[in-house]
Amino acid sequence: MAPAKRSLILVLCFLAPVLFSAVPWLRAASGQGRLLAATPPMGWNDWAHYQCGFTAQAILSNARALVKTGLAARGYNTVTIDDCWMLKDRNASGNLQADPQRFPQGMKAVAGAIHALGLKFGIYEDAGSATCGRFAGSGQPQGGGKDHFLKDARLFASWGVDYLKLDGCNVYAPPGSSQEAAYRKAYAAESAALKAVGRPIVFSESAPAYFQGTPEWYDVLTWVRLYGQLWREGSDMANFNAGNPNRSRFRSVLWNYAYNLPLGRFQKPGNWNDADFIIGGDGGMSLAESRSQLALWSMMSAPLILSSDVGKLSPQAIAILGNRAVIAIDQDPLGRMATLVRRSPDVDVLFKALADGDDAVAALDRSAAPVQVDLRPSEFGFAANAACRMDARNLWTGAVQSAVAALHARIAAHDTAIWRIRPSAACGRPARKGTIVMTTTSRRRDVEDYTRCLSAAGRVEACAGDAGESWIVTPGGALQSSDARCLVAAKSGPVLAACRPVPAQRWRYTLKGNLINAADRQCLTAAGPARKTQSLKLQPCEDNQPNQIWSLPN
Ligand code: GLA
């Protein structure tokens, strides 16, 4: 062998182990360049079923059940251990300690067992001094002092954590700092700590949930996207109660759906609104209600995180939760929030554009009786011409129809019909069409009570589901009613008039949810008592004023 060739081989032999040992590091580094959570995270979490009543055994048997049922292969691949896994105190070196009663082998062993099943491993911590269950938190102690964000992030990385849920109980706000500023500081610190440990860890932030119903909610919703991949915006799904296993939990599903749906403007691939756990298939949820939850969450591109005893799910429930075609709506790469096409006292109709040019349509029967729905493509913003036809697949039954002029379904109480449609060329591309809603600060936690619809009569009222509540947002920023008039900022206030391309008919939509008129720079405002039918006014835009915050078709 020529000496040059020999020395090249020698150099390669010498370098090989060095290069080899760098592979995990290289992989991790390249992982950071990729978009984390490009589609909504999926998995399982113990909380809504077990609360603090779990051990490593329960966690691992659920992990195995995810694999055995095939749900893991359908995408439910991250197993997260929620609150109560740790002791109240740190050890002598200041580290968190897994509760030895629950985790006799320690946490690294559990992480290893979960990884060995081909799953990812998630863990819970808290941005405050203590978790909601009063175990050791990562945040500043009450009264001030050193936080543990970086120390804990290092520990999590050493265990192989892939996903962190950071709750927001007991966050300390020093004198002179607002609550909101204290939360922001804590979540930003965790985000920096996760970046510093060099392992791609999906970061779920609970911060907004601690501001639900306050004006600061919208401030928090504008900054969480800078730090993490998903965030809980509101109240918890009702927990399973072993003492009363069949107590209905559907009301909490509807409420979480209600508060999540108007937040479409905050989400995009890599940044998701989290409407909390999928409890479908668990106690207190009928099969119809379980179908509804999966369909609604999928229409919203919400994270699909099961929280049930997976080993006890019925074959019907597994078929619902594992429905590939519905999951594909959730995981669609565009990541759009559904548009609320209409909301009547009984029925919600939703529409969502998909990446491949198909669209998804769903209809939820919120009432206690069956309803008949008939849906024409013009309702979703397609051309209202007779040549516009759709190929449609009912995603629950699998039934396919070709070139239909409308979708028809009889929907059982609490059930949701969902279709994937392919409109014909004559339909054109859909306009942004649907309701324009305002949410209330009512504490009743009820879909109907939470939203008010803008109507072509020039007022804001209880949503009735009629054509007067259907609007098109034009590419130029006009708000066009179903009788083809446009909302204009007149001297007397906002009125409907013939559409013309003038600044007084152009509305700029902000991330906070304001509609700002291009001519007078004022905000579209609902006037009068919130529970009554309200008139429209133009007023200077105020920060987070609830009667100036609107949700538009997405
Ligand atoms: C909060 C969260 C729940 C769960 C519990 C744990 O309520 O919203 O999801 O993590 O804390 O204590």
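Residues numbered from 1 in each chain as written. Predicted model: local features only at pLDDT ≥ 70, side-chain atom pairs only at ≥ 80, totals over all residues. Heavy atoms only, no water.

Trainee: Quick question: what am I supposed to make of the nonpolar core here?
Mentor: Considering soluble globular proteins, one finds that nonpolar side chains tend to be buried as a cluster. If you look at the biggest cluster of nonpolar residues, it comprises 120 residues, and the most contacted ones within it are Tyr76, Trp85, Met107 and Trp297. The residues touching Trp85, leaving out its near neighbours within four places in the chain, are Phe54, Leu96, Gln97, Ala98, Asp99, Arg102, Phe103, Met107, Ile123, Tyr124, Phe156 and Trp159. In terms of nonpolar packing, the next biggest core, distinct from the first, is built from 22 residues, Val341, Val347, Leu375 and Cys427 among them. (Core = buried A, V, L, I, M, F, W, Y, C linked by side-chain atoms within 4.5 Å. Buried < 20%, exposed > 50% of the residue type's maximum accessible area, 1.4 Å probe, protein only. Contact = heavy atoms within 4.5 Å.)

Trainee: Quick question: what am I supposed to make of helix α3 (residues 56-69) here?
Mentor: A turn of α-helix holds 3.6 residues, and therefore any two residues three or four places apart point the same way. Its 14 residues give α3 an end-to-end C-alpha distance of 20 Å, which sits within 8% of 20 Å, the value for a rise of 1.5 Å per residue. Every buried residue of α3 is accounted for by Ala56, Ala58, Ile59, Leu60, Asn62, Ala63, Ala65 and Leu66. Looking at the packing, one finds that the buried side of α3 touches β1 (42-45), α2 (47-50), β2 (78-81), α4 (107-116) and β8 (304-306). Following α3 by one or two positions, Gly70 has its phi on the positive side, about 90°. (Helix = DSSP H or I, 4+ residues; strand = E, 2+ residues; numbered from the N terminus. Expected span 1.5 Å × (residues − 1).)

Trainee: Looking at this structure, how should I read the domain arrangement of the chain?
Mentor: By a widespread convention, an interface's size corresponds to the accessible area lost as its parts come together. Each assigned domain of the chain is listed with its residue range as follows: domain 1 (43-330), domain 2 (339-427) and domain 3 (432-548). Measuring from the centre of the C-alpha atoms in domain 1 to the corresponding centre in domain 2 gives 32 Å. Of the residues lining the interface, 21 residues belong to domain 1; the matching set on domain 2 comes to 19 residues. When domain 1 packs against domain 2, the two sides together hide about 1700 Å² of surface, and 71% of this comes from carbon and sulfur. (Domains from an automatic or database assignment. Buried area = accessible area lost by both parts, 1.4 Å probe.)

Trainee: Can you help me understand the pattern of salt bridges in this one?
Mentor: A pair can form between side chains of opposite charge whenever their charged atoms are brought close. Counted according to the given criterion, the structure contains 23 salt bridges. In this structure, Arg199 and Asp162 form a salt bridge, with 2.6 Å as the shortest nitrogen-oxygen distance. Of this pair, Arg199 sits in the loop between α6 (179-196) and β5 (202-205) while Asp162 is found in the loop between α5 (149-159) and β4 (163-167), placing the two residues 37 residues apart along the sequence. Accessibility expressed as a relative area gives 25% for Arg199, which makes it partly exposed. A residue is classified by how much of its surface remains accessible, and Asp162, at 12% relative accessible area, is buried. Salt-bridge contacts for Glu379 lead to Arg342; the nearest nitrogen and oxygen are separated by 2.8 Å. On the criterion of sequence distance, the pair formed by Glu379 in the loop between β12 (371-375) and β13 (390-394) and Arg342 in strand β9 (residues 339-343) is long-range, its members being 37 residues apart. Summarising the burial analysis for this pair, Glu379 and Arg342 share the class buried. In the salt-bridge network here, residues are joined through shared partners; they are Arg343, Asp348, Arg366 and Glu448. (Salt bridge = Lys/Arg side-chain N within 4 Å of Asp/Glu carboxyl O.)

Trainee: Help me understand the pairing of strand β23 (residues 485-490), please; the structure alone is not making it clear to me.
Mentor: A regular strand places its side chains so that they alternate between the two faces of the sheet. Two elements, β23 and strand β24 (residues 493-498), share six bridges in a ladder whose sense is antiparallel. Considered in β24, the bridge of Arg485 is made with Ala498. If you look at the hairpin formed by β23 and β24, you'll find two residues sitting between the two strands. (Pairing = 2+ DSSP bridges.)

Trainee: Help me understand unusual backbone geometry, please; the structure alone is not making it clear to me.
Mentor: The phi angle of most residues is negative, glycine excepted, and most peptide bonds adopt the trans form. The phi dihedral of Ala37 is positive, around 50°, even though this residue is not glycine. Looking at the element boundaries, Ala37 is found in the loop between α1 (3-33) and β1. Of the residues examined, Ala37 reaches a relative accessible area of 15% and is grouped as buried.

Trainee: Looking at this structure, how should I read the sheet that holds β13?
Mentor: What holds strands together in a sheet is hydrogen bonding between their backbones, with the strands either parallel or antiparallel. Pairing is antiparallel across the open sheet formed by six strands, whose spatial order is β9-β10-β11-β16-β13-β14. Strands with a single pairing partner mark the edges of an open sheet, and in this sheet they are β9 and β14 (400-404). Averaged over all neighbouring strand pairs, the angle between strand axes comes to 20°, with direction disregarded. One ladder, built from six bridges, connects strand β11 (residues 359-365) with strand β16 (residues 416-423); its direction is antiparallel. Its bridge partner lying in β16, Leu364 is registered against Thr416. (Axes fitted to C-alpha atoms, helices over the stretch in contact; angles between N-to-C directions.)

Trainee: What is the right way to read the side chain of Thr474 from this model?
Mentor: Here Thr474 lies in the loop between β21 (471-473) and β22 (479-481). Classification of Thr474 as buried rests on a relative accessible area of 19%. A distance of 2.9 Å separates the side chain of Thr474 from the backbone nitrogen of Ala478, its partner in a polar contact. (Polar contact = N/O pair within 3.5 Å; in protein donor to acceptor, adjacent residues only side chain to side chain.)

Trainee: When you look at the site of the ligand in this model, what are you seeing that I'm missing?
Mentor: Residues in close proximity to the ligand include Trp47, Asp82, Asp83, Tyr124, Cys132, Lys165, Asp167, Arg232 and Asp236, which together make up its full environment. Look at the ligand: alone it shows 310 Å² of surface, and the protein chains cover 88% of it. Here the residues of the shell around the ligand are counted per class, giving three nonpolar, no polar and six charged. (Near = heavy atom within 4 Å. Areas by Shrake-Rupley, 256 points an atom, 1.4 Å probe, with all protein chains shown as cover. Nonpolar A, V, L, I, M, F, W, Y, C, P; charged D, E, K, R; others polar.)

Trainee: Teacher, can you tell me more about the state of the cysteines here?
Mentor: One covalent bond between the sulfur atoms of two cysteine residues makes up a disulfide. Taken as a whole and assessed by the stated rule, the structure comprises six disulfides. The disulfide bridge from Cys388 ends at Cys427, spanning 2.1 Å between sulfur atoms. The sign of the S-S torsion, about 100°, decides the handedness of the disulfide formed by Cys388 and Cys427: right-handed. In this pair, Cys388 is assigned in the loop between β12 and β13 and Cys427 in the loop between β16 and β17 (432-434), connecting sequence segments 39 residues apart. Owing to a relative accessible area of 3%, Cys388 belongs among the buried residues under this scheme. Residue Cys427 is classed as buried on the basis of its relative accessible area, which comes to 2%. The disulfide bridge from Cys486 ends at Cys499, spanning 2.1 Å between sulfur atoms. Torsion about the S-S bond of the Cys486 and Cys499 cystine: about 95°, corresponding to right-handed handedness. Taken together, the residues Cys486 in strand β23 and Cys499 in the loop between β24 and β25 (507-509) connect sequence positions 13 residues apart. (Disulfide = S-S within 2.5 Å.)

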